[in-house]
Amino acid sequence: MAVKWFSLLALALVASFAAAQDEGPFEDPDCALGDENTCPVYSTYQCTTDVRERGEIDLDVNDMAAFADSFEFGQAKSIFQQGKNSRTSSGGFRTLEGFSVQAEDKMSDWPDFQLFREYYNDNPAYARDYVLDALDASGEFGGADDWTRAEASVKGAQYMCLAMYVIHEMEDAVADCEAGDVTANDGGAKAWDETAAFYVGSLVANTGDDGVLQYGLALNRQLQFTGSADINGQVMDLLNEGKKLVDSPTRNCPELARIKNEIIDLLKVPLLQGLIRYAFLADENSGGTSSNLPKARGEGNAFARSILPWINGTDPNVGTKIDENFPPTGRAVKDGYNSVVESLESLYGKEYFQSISADDVGTLTAAGDVEDSGLSGGAIAGIVIGVIAGVALLILAALWFMKRRKSKSSYAKEANLSGDVANGATAGDGYVPPEMP
Ligand SMILES: *[C@@H]1O[C@H](CO)[C@@H](O)[C@H](O)[C@H]1NC(C)=O
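Predicted, not measured: the structure shown is a model, and the values here were computed from it.

1. With respect to the site of the ligand
Taken together, Tyr119, Asn312, Pro316 and Gly319 are the residues near the ligand. For the shell around the ligand, the per-class residue count stands at two nonpolar, two polar and no charged.

As structure tokens, this is what we get:
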């Protein structure tokens, strides 16, 4: 609890500091365009245009989450719709809702947006409408649990509204490259810099913590999934590779497009891991407990919605199954954790998951709690998972000794064994991850 209060206090300090910063003019002379010494650095990515205000959209995510988590949905909605921390070059506020509202205007040429729009009944503002339904308890969220609404609304803002905009910025950068004008954007920013700002966020740049955007999500997932790929390492390397192309006079736009596509594929891995994790935590026969089920249901539903168009586009049967197993209300994961995981695994190497392998995704070994809410149920869940993991470890040890007597165990066999543990729905070592985005 102390840690929790301390982190809240720290967040409040960061937020008030940021608010104070906001009072100045948008163009900060400390970050002259093109000055690499003063422009923002997102993880390993050095911007050369001033995209700091864009990066501060993560403060809106934090503010929205703080209201949603105390069920002050009206306040959360006002952050979502009116913004608070991220100014545009015209002096207004950039908003999380705006990413979705502007999608039709800005993204109608991009294939991923087209796929998502089509999947969501040709509704271009599908992400905004999803978040509003969760906030208002309307539509499919009628009668939904408050925790489900809190998680779905914030995750929808992060991984539906903003995540598609990250893809947009990369597409835009390729278009700018083809048009021969890389700063043809709001405030003279480079779209490739904007990608870094919206992927990583200001909290990572200014406080060194994991942040609450896709970058932070990938870090958390990596801790929870043993053997999984270093998604952020790869994304940041690719962003830096792309930056060289953007800044080069030779304009190798096809190569920039290839890098963009590679990043888009990597972004799907933490979402798949999210589905697997919440299949575990929302399944009352595996990791689900009465206290964490409503949260896990909301998170599972939001992660499903953030990736379902790609899933359905790869295999409609899996699409239907995932949709049915992650509803906003009622029984989640009706087919059971194992069955859901198997269906997801069947997608690897195909269509929209062409470049993704089981190794990239790794094995869920630290399910942890569904976001520490300070409820004792969370602690109980952690202990239960820990005990299960202990038993699993004993079984593993026994299996290992048996195998060892037959043949020297190879690395592959070890990996396979731990895979069986997760597939047997007994994963988890009681590790409680930090507050996750
Ligand atoms: C899923 O894909 C199938 C086959 O392409 C399509 O007929 C169906 O409309 C898709 N589902 C949704 C909800 O778009």
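The discussion continues.
2. Section: helix H12 (residues 214-224)
A large share of H12 lies buried, amounting to 10 of its 11 residues. By the burial criterion, the buried members of H12 are Gln214, Tyr215, Gly216, Leu217, Ala218, Leu219, Asn220, Arg221, Gln222 and Gln224.

3. Some words on helix H7 (residues 111-119)
Among all positions in H7, only Phe113, Phe116 and Arg117 are buried. Down the axis of H7, the buried side of the element spans an arc of 100°, and every buried residue falls inside it.

4. A short note on unusual backbone geometry
At Arg251, a position not held by glycine, the phi torsion is positive, near 50°. Positionally, Arg251 belongs in the loop between helix H13 (231-247) and helix H14 (253-281). Of note, the phi angle at Glu351 is positive, near 40°, even though the residue is not glycine. Inspection of the secondary structure puts Glu351 in the loop between helix H17 (337-345) and helix H18 (358-361). Overall, the presence of 11 C-beta atoms within 10 Å leaves Glu351 in the exposed class.

5. Re the nonpolar core
Counting residues in each nonpolar core, the largest one holds 111 residues, and the members touching the most others are Met64, Cys161, Leu162, Met164, Leu275 and Ala279. Considering every element that reaches this core, the biggest residue donor is helix H9 (residues 146-179), with 18 residues. Contact partners of Leu275, with chain neighbours within four places excluded, come to Gly300, Phe303, Ala304, Ile307 and Leu344.

6. Overview of the confidence of the model for the protein chain
Within the protein chain, residue pLDDT values average 83, and 77% of them lie at 70 or more. Predicted confidence for residues 371-384 stays below pLDDT 50, and this span has 26 contacts to residues more than four positions away or in other chains.

7. Structural notes on the environment of Asp176
Looking at the element boundaries, Asp176 is found in helix H9. Setting aside chain neighbours within four positions, we find Asp176 in contact with Asp181, Val182, Ala184 and Ala191.

8. A look at the environment of Met170
With respect to the element layout, Met170 can be found in helix H9. When the C-alpha positions of Met170 and Lys260 are compared, they lie 6.1 Å apart, and in sequence the two are 90 residues distant. Sequence-distant contacts of Met170, defined by excluding residues within four places in its chain, comprise Thr195, Lys260 and Ile263.

9. Re the packing of H14 against H17
Put simply, H14 and H17 touch, their axes get as near as 9 Å, and they point 165° apart. Classed by the angle they form, the pair H14 and H17 counts as roughly antiparallel. When the axes of H14 and H17 are compared, the crossing they make is right-handed. Contact with H14, carried on its side by Leu272, Leu275, Ile276, Ala279 and Phe280, involves Tyr337, Val340, Val341 and Leu344 of H17 and no other residues of that element. Among the residues forming the contact of H14 with H17, the class breakdown is nine nonpolar, no polar and no charged.

10. What about the environment of Val204?
Along the chain, Val204 turns up in helix H11 (residues 202-207). Given 23 C-beta atoms within a 10 Å radius, Val204 is considered buried. Sequence separation between Val204 and Asp58 is 146 residues, and the spatial gap between their C-alpha atoms is 9.6 Å. Dropping the residues within four chain positions of it, Val204 is found in contact with Tyr42, Ser43, Asp209, Asp210, Gly211 and Tyr215.

11. Observations regarding the packing of helix H3 (residues 57-69) against helix H4 (residues 73-82)
Between two packed helices, the angle of one axis relative to the other and the distance separating the axes together describe the packing. For the pair H3 and H4, interaxial distance at closest approach is 7 Å and the crossing angle is 165°. Here H4 runs roughly antiparallel to H3, going by the angle between their axes. As H3 runs across H4, the sense of the crossing is left-handed. Counted together, Asp60, Asp63, Met64, Phe67 and Ala68 of H3 and Phe73, Gln75, Ala76, Ile79 and Phe80 of H4 form the full contact between these two elements. In terms of residue class, the contact of H3 with H4 is made up of seven nonpolar, one polar and two charged.

Parameters at a glance
- All residue numbers refer to positions counted from 1 along the written sequence of the respective chain.
- Reporting in this predicted model follows two pLDDT cut-offs: at least 70 for local features of residues, and 80 or more for side-chain atom pairs to be given and counted; totals over whole chains, interfaces and linings ignore these cut-offs and use all residues.
- Using a C-beta atom placed from the backbone, a residue is scored as near a molecule or strand whenever that atom is within 6 Å of it.
- For this scheme, ten residues count as nonpolar: Ala, Val, Leu, Ile, Met, Phe, Trp, Tyr, Cys and Pro. Four count as charged, namely Asp, Glu, Lys and Arg, and the remainder, Gly too, count as polar.
- Exposed residues have 12 or fewer other C-beta atoms within 10 Å of their own C-beta, buried residues have 20 or more, and residues in between are partly exposed; the C-beta atoms are placed from the backbone.
- Each helix corresponds to a stretch of at least 4 residues labelled H or I by DSSP, and each strand to a stretch of at least 2 residues labelled E; elements are numbered beginning at the N terminus.
- Here the arc refers to the directions that run from the helix axis out to each C-beta atom.
- Here a nonpolar core is just a set of buried residues of the types Ala, Val, Leu, Ile, Met, Phe, Trp, Tyr and Cys, joined wherever their C-beta atoms sit within 7 Å.
- Throughout, a residue-residue contact means that the two C-beta atoms, derived from backbone geometry, are no farther apart than 7 Å.
- Each residue carries a pLDDT value, the predictor's own confidence for that position, ranging from 0 to 100.
- Think of each axis as a best-fit line through the C-alpha atoms, taken over the contacting stretch in the case of a helix, with angles from 0 to 180 degrees between the N-to-C directions.
- Note on angle classes: values under 35 degrees are labelled roughly parallel, values over 145 roughly antiparallel, values of 65 to 115 roughly perpendicular, and the remainder oblique.
- In a left-handed crossing the near helix is turned counterclockwise from the far helix by less than a right angle, and in a right-handed crossing that turn is clockwise.

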